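# Observations on chain architecture
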Amino acid sequence: MIEHSDSLLSQSSAFESELPISSACLRNQAPIADVLMQELTVPSVVLELGSGTGQHAAFMTAQLPHLTWQPSDLSSALPMIQAWRKRSGQSNFLPPLVLDVAQDLWPVKQVDAVFSANVVHFISWPNVRAMMAGIGRVLTNKGRAFLYGPFNYGGEFTSEGNQQLDVWLRERDPESGIKDIEQVIITARKEKLRLLKDIGMPANNRLLVLQKSL
Ligand SMILES: C[S@@+](CC[C@H](N)C(=O)[O-])C[C@H]1O[C@@H](n2cnc3c(N)ncnc32)[C@H](O)[C@@H]1O
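Description of the structure in this document. (Residues numbered from 1 in each chain as written. Predicted model: local features only at pLDDT ≥ 70, side-chain atom pairs only at ≥ 80, totals over all residues. Heavy atoms only, no water.)

## Brief notes about the site of the ligand
- G50, D73, D100, V101 and A117 are the nearest of the 16 residues found near the ligand.
- Within the backbone of G52, one N or O atom sits 3.4 Å away from an oxygen atom of the ligand.
- At 2.8 Å from a nitrogen atom of the ligand is found a side-chain nitrogen or oxygen belonging to D100.
- Contact with the protein chains hides 84% of the accessible area of the ligand, taken as 590 Å² for the molecule alone.
- In this structure the site holding the ligand corresponds to the largest pocket. (Near = heavy atom within 4 Å. Polar contact = N/O pair within 3.5 Å; in protein donor to acceptor, adjacent residues only side chain to side chain. Areas by Shrake-Rupley, 256 points an atom, 1.4 Å probe, with all protein chains shown as cover. 1 Å grid on protein atoms, 1.4 Å probe; cavity = no way out; pocket = protein on both sides within 12 Å on 5 of 7 lines; lining within 4 Å. Sits in = over half its atoms within 2 Å of the grid points.)

## With respect to the layout of surface pockets
- Approximately 840 Å³ is the volume attributed to the largest pocket.
- Considering the residues around the largest pocket, the lining is formed by 37 residues, among which A117, N118, V119, H121 and F122 are closest to the centre.
- Per-element accounting of the lining of the largest pocket gives the leading share, 5 residues, to helix 6 (residues 160–172).
- In the lining of the largest pocket, the residues fall into 18 nonpolar, 13 polar and 6 charged. (Points joined across faces, edges and corners; volume = space filled by probe spheres on them. Helix = DSSP H or I, 4+ residues; strand = E, 2+ residues; numbered from the N terminus. Nonpolar A, V, L, I, M, F, W, Y, C, P; charged D, E, K, R; others polar.)

## Things to note about the sheet that holds strand 7 (residues 193–201)
- Ordered by their spatial adjacency, 6 strands build an open sheet running 2-1-5-6-8-7, and the pairing between neighbours is mixed. Pairing within the sheet leaves two strands with one partner each, and these edge strands are strand 2 (67–70) and strand 7. Looking at each pair of strands side by side, their axes are set apart by 20 degrees on average, direction ignored.
- In this structure, strand 1 (residues 44–49) lies alongside strand 2, joined through 4 bridges in parallel fashion. When the sheet's bridge partners are listed, V45 is paired in strand 2 with T68.
- Running over the sheet, helix 3 (residues 55–63) touches strand 1, strand 2 and strand 5 (111–117) and is turned about 170 degrees from strand 2.
- Lying on the sheet, helix 7 (residues 181–190) is in contact with strand 7 and strand 8 (205–212); it crosses strand 7 at an angle near 150 degrees. (Pairing = 2+ DSSP bridges. Axes fitted to C-alpha atoms, helices over the stretch in contact; angles between N-to-C directions. Contact = heavy atoms within 4.5 Å.)

## Here's the deal with the environment of K142
- With respect to the secondary-structure elements, K142 resides in strand 6 (residues 139–149).
- When the C-alpha positions of K142 and L214 are compared, they lie 8.1 Å apart, and in sequence the two are 72 residues distant.
- Leaving out residues up to four positions away in the same chain, K142 has contacts with Q211 and K212.

Encoded structure:
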């Protein structure tokens, strides 16, 4: 781990009195923790991509103390994550890293697991491909990646809410949008990441469990 965000530490004070809160995180954090508890039973280092507010890091480190959680995101998100880290006080909640999934070199060497919530639909296909390649590089053999969020099946949305979300995403960034699970699986396989489980989650979301197999 080399690129910690100390230069952004001071900005976190702006968030300390009123932490940014994602209501989606509040709804999905317990069901996600239940899955991680079953899947990651031994002490593990988990790299989180696109940590957002940092709420998942705060919740998972409290619920799953055997996990060492390495949050990361674009630099603009780091003050929020720092503020949540300070509030959580968990020693297994590491300082966040600046990590753009599109960058060729990621600031981590090897991790036992990767977690990412609501990022695949938020980014473009080229960035999803870069994300899979990066996950393939940093995961240990047999390590697992957990991708949470909405996916389409056979080119179809699984709910009206997901269809509306897709419209909103594409208005914001025409290259983003909910991805077809079949294409995600093919892209992952090219990086030696094989789908182990596709778990149904609340609000028409899925939790994909991928395993690196050399
Ligand atoms: C919808 S938010 C999800 C945040 C959080 N994981 C959650 O579930 O609440 C998408 C996140 O992806 C991050 N993101 C967007 N593009 C990225 C990129 N190229 N590399 C890494 N993170 C990125 C955003 O900064 C944002 O935090």
